[in-house]
Amino acid sequence: GGKARRITDLFDDARQPAWSPDGRRIAFQSYRNGTWDIWTIEPDGSNPAAITSGPFDDREPHWSPDGARVAFSSDRSGNYDIWALELATGKVQRVTADPGNDVWPAWSPDGREIAFVASGRTAPGIYAVSLQGGERMLAPSNGMLGGPVWMPRAESVVFSALSNGVTRLMLGDRELSADEDVFPFRPNWAATQGALEPSLIYSADGHIKERRGGGAGAIRVVPFEADLPVMRARYTPRTRDFDSTTPRRALGIVRPGLSPDGERVVFAALGDVWIARRGQAPTRVTDDAHEDTDPAWSPDGTRLAYASDREGSLDIWVRDLASGAERRVTRASGPEMRPTWSPDGTTLAFVTVMGAVNGQLAIVNVTNGQITRLLDTTNGPINPGWSADGRTVYASVLRTYSSRFREGVNQVLAVPVGGGDGRAITLVPDVSSGKRGEGPAWSPDGRHVATVLNGQVHVMPLTPTGEPAGTARALWPGSADQVSWSADSGRVLFSDGNRLVLAPIDGGQPQDWPIDLTYTRRIPPDSLVIHAGRLVDGVERQARKNMDIVVARNRIARVVPHADAEHAVRVVDASQLTVMPGLIEAHGHYAAEYGGRFGRIHLAYGITSVRSPGGHPYASAAEREAVDSGRRPGARLFFNGYLMDGTRVFYPMAATAPTEAAIDREIELARRLEYDLVKTYVRLPDALQKRAIEGAHRIGIPVSSHEVYPAAAFGVDGVEHFSATSRRGYSPKLSPLLRVYDDVVAVVAESGMTVTPTLSLGRARPAIMRSPELRSDPRWQIQPEWVRGQFGPDAAARDARPQQLPGTLMAYHKAGVPIIAGTDSPLVPYGISLHLELEIYVAAGLTPFEALQTATVNVARALRAERDLGTVERGKLADFAIVEGNPLVDIRDTRKVQMVVVNGLVMRVEELTAGTRGR
């Protein structure tokens, strides 16, 4: 016991330490360089050295008894296998070669075998293998296994097992413990003075523990303490202007494309399609309240294809530019997006995107509407492109390194139009080629590909079959997205934040293509009074009765007891209802495939603002501006663009930023597009996360992530999810039994971080399945068909979250940690899931008042917008949900929305649901 002394620094993310037999060095896995490598260090912290390196993950080191070799698990073979490194020569030997995942190696005391966990075999369990390749099973699987270690006399192995909500400490097939929260790490044996049997040292219940008598004897907690420095976020927040009606430049320029004659650019913005000649004001092509997006020129320049939700869900439309005639060419149930013309102009490739994650690639004949599915349910969205001969469609797909972890790199799949399997193309090994929503762009002549590598646009020559024929060459020093080609294959057009750039590929000077498009924020010109029978203002714990809320334009002028004299202006009669602050969804990703439904769904459930912690930045900016300008109704959007990640990614909305320069480009993009927050993701090394936090704070916006430490030492503003994805293979925030311990709570509380639990992520689905009234609610019909279809009679209603998580909520709450209510929608349905989240909080022990604060004032503070949002007080924006009942008595009354007011505009729920089309 005693005081622990740190021997690695904050940037190592040092895990799984293993002592050398002579005690002179410690091996561990480190994420310092952006992948997991095996390092060694001396016990006093001197002479750290990496003994493996490269683009693969090497984990869980263990020394051979003679100290000459280190065994480790690695995904360098396409799945996790056991490998052995000879320290004297650096030679690496592959020890196992099963197509499943073999992990957690442990040398036997005699050095003849290595025990390991085999998780993907027909008969999973703990195995032993010799370096010559012979294998035997030591213990059958008993759930999720971790950290085997041999007994000193090599009789059997000790390991942890998680199954059916119980963690067990196992000795072979014998259970040593089943009433502890055993952590999934390798135990150690230690000689005990005067004892015949050694002691087993392991971690459980938030402690280091010692089991004497060969692991079967008395238990002693080993006391220790450690100092963890934390830092509260301190910076000058950027203020967002909600009041000015001065024309503002549109930043949400979506999918710009150069016309075949090179004289015009088409793009989507403010919910419509536009065309701009250089030096001239853009011309609106479509002009309606629907979402029109993703325009694309036909090869001859006479037609535009684009996606529109005017018939209820996004479909592909074709417009003849000369006559203005339009024709709908897809009518499927899902949202069809991102049309791309074949070279002969007869066919469009497009993507069906569902839930911001999965996408399907198809083609449609523009004459007869016949659809051919090419690729099913990839981890999209996909950005399709065509080969020069029109026989192949190129798709951006995720290639993982193993089935153990979901992250990988974005690469290319060449899909034959005539049928058959796709052909994998690697443009740059172990480097993502753009995002999957903004993948590589193929030149019309088929001789080059333009691709974004770590935020910069590059051009690479190709063979006639689409394979790389040379190295990638950077065209532009800044950031780049939304890449497309000129018809002559000589220039590349792309977005760099708030500018468009046209760059020749022959080394000529890039030129700006200015888009002079502005919009004016819609603010009601007059005043109104809302007569509230009951007012829940978000400040007082009790409701006030019979109150008048006087609104001047878009802000609250005063809140006073009801008086007839106040009713000289327009009056909203809520005298039989309750007025409360508009709810703020703290973790709802904006998904463009919802079109106008995104805004209407949220408003119908009383949600007037959405904090989107990751999405396509240009589409998010376009949504924000379409709503602010009054083109269509919607919740106020606070957005982050791409998730800032390392060399590997999972979501289509993730950007690889594995260098300081790439981080700086992403921060500059955030500045130019006026992000409201930044979110770093799980594969970003800690040193780069620190740089991202500092960069975001420099431009005045908050940062959140999945991380607790050392993020708390760098001044991060918040942490998303109680558990969630981690690069480590386990959660640093929750134990195997989903319990939070005091150290984690103390770090979060002392650093001032907010926490977004997202408990409805596992519970919204079963709650909706068990509640027919939720699905018969007219607001449910605003959900797209592909969402409603997930809740049919055959859908599973299993609760995916154990009951310990409410205890975690209360632990944070009692420590004074600000809870902000979010759902991780659209992984769960928009709107209703936030209400279910609040109900979970009350069931866990929060009062209804405290629960409402998590979705109002707490989120406003997290957004640095508490001056404008979160309560019903003089000077705040006029954002209200008007409901039946009293949410301070029954939190379920927050569901009963009758009217919503956003930015001073009043809408009834029946208006938002009226005319909802089935698709």
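Our subject is the structure that appears above.
This section reports on the structure supplied with the text.

What counts as what
- Residues numbered from 1 in each chain as written.
- Predicted model: local features only at pLDDT ≥ 70, side-chain atom pairs only at ≥ 80, totals over all residues.
- Heavy atoms only, no water.
- Axes fitted to C-alpha atoms, helices over the stretch in contact; angles between N-to-C directions.
- Helix = DSSP H or I, 4+ residues; strand = E, 2+ residues; numbered from the N terminus.
- Parallel < 35°, antiparallel > 145°, perpendicular 65-115°, else oblique.
- Contact = heavy atoms within 4.5 Å.
- 1 Å grid on protein atoms, 1.4 Å probe; cavity = no way out; pocket = protein on both sides within 12 Å on 5 of 7 lines; lining within 4 Å.
- Points joined across faces, edges and corners; volume = space filled by probe spheres on them.
- Nonpolar A, V, L, I, M, F, W, Y, C, P; charged D, E, K, R; others polar.
- Buried < 20%, exposed > 50% of the residue type's maximum accessible area, 1.4 Å probe, protein only.
- Expected span 1.5 Å × (residues − 1).
- Left-handed = near helix turned anticlockwise from the far one by under 90°.
- Salt bridge = Lys/Arg side-chain N within 4 Å of Asp/Glu carboxyl O.
- Polar contact = N/O pair within 3.5 Å; in protein donor to acceptor, adjacent residues only side chain to side chain.

Concerning the packing of helix α6 (residues 760-770) against helix α10 (residues 832-844)
Between two packed helices, the angle of one axis relative to the other and the distance separating the axes together describe the packing. Look at α6 against α10: their axes get within 9 Å of each other, and the N-to-C directions meet at 105°. Considering their axes alone, α6 and α10 lie roughly perpendicular with respect to each other. Of the residues in α10, those touching α6 at Ser760, Arg763, Ala764, Ala767 and Ile768 are Ile832, Ser833, Leu836, Glu837 and Ile840.

A look at the layout of surface pockets
Of the volumes computed, that of the second largest pocket is approximately 770 Å³. If you go around the second largest pocket, you meet 34 residues; those closest to its centre are Trp297, Thr340, Trp341, Ser484 and Trp485. At the level of elements, β24 (254-258), β28 (292-297), β32 (336-341), β36 (385-386), β40 (441-442) and β44 (481-485) are the ones that each hand at least two residues to the lining of the second largest pocket. Per-class residue counts for the lining of the second largest pocket are 20 nonpolar, 12 polar and 2 charged.

Quick look at empty space enclosed by the protein
Counted under the stated rule, the structure contains 5 cavities of 30 Å³ or more. In terms of lining residues, the largest cavity is bounded by 36 residues, among which Arg338, Ala592, Glu593, His616 and Ala619 are the most central. No other element matches the 4 residues that helix α2 (residues 617-628) contributes to the lining of the largest cavity. Roughly 90 Å³ of internal volume is contained in the second largest cavity.

What about helix α9 (residues 805-814)?
Regarding α9, the residues found buried are Leu805, Pro806, Thr808, Leu809, Met810 and Tyr812. Against α5 (742-751), β61 (754-756), α6 and α10 lie the buried residues of α9. Where α9 ends, the next residue or the one after it, glycine 816, has phi of about 85°, a positive value.

A word on helix α4 (residues 686-698)
Taking 1.5 Å per residue, 13 residues should reach 18 Å; α4 reaches 18 Å between its end C-alpha atoms and fits that length. Among all positions of α4, only Asp686, Leu688, Gln689, Ala692, Ile693, Gly695, Ala696 and His697 are buried. If you follow the buried residues of α4, they end up packed against β56 (643-645), α3 (660-672), β58 (678-679) and β59 (703-705).

Description of the packing of α3 against α4
The interhelical angle for the contact between α3 and α4, taken along N-to-C directions, is 30°, at an axis separation of 10 Å. Taken together, the axes of α3 and α4 are roughly parallel relative to one another. Viewed along their axes, α3 and α4 form a crossing whose handedness is right-handed. Contact with α3, carried on its side by Glu660, Ile663, Asp664 and Ile667, involves Leu688, Arg691, Ala692, Gly695 and Ala696 of α4 and no other residues of that element. Across the contact of α3 with α4, the residue classes tally to 5 nonpolar, 1 polar and 3 charged.

What about the pattern of salt bridges?
The full count for this structure, using the stated rule, is 69 salt bridges. The partner of arginine 555 in a salt bridge is aspartate 243, with the nearest N and O atoms 2.8 Å apart. Of this pair, arginine 555 sits in strand β51 (residues 555-561) while aspartate 243 is found in the loop between β22 (224-225) and β23 (248-249), placing the two residues 312 residues apart along the sequence. Taken together, the shared-partner salt bridges in this structure form one network comprising Asp13, Arg15, Asp686, Glu707, Arg727 and Arg728.

Regarding the environment of aspartate 879
Locating aspartate 879 in the fold gives a position in the loop between α12 (857-862) and β62 (880-883). As a C-alpha pair, aspartate 879 and valine 900 span 21 residues in sequence and 7.6 Å in three-dimensional space. Once residues within four sequence positions are removed from consideration, aspartate 879 is found in contact with Met580, Pro581, Gly582, Thr608, Ser609, Arg636, Leu869, Val901, Val902 and Asn903. At 2.4 Å, the side chain of aspartate 879 forms a polar contact with the side chain of arginine 636. Among the polar contacts made by the side chain of aspartate 879, one reaches the main-chain amide nitrogen of asparagine 903 at a distance of 2.8 Å.

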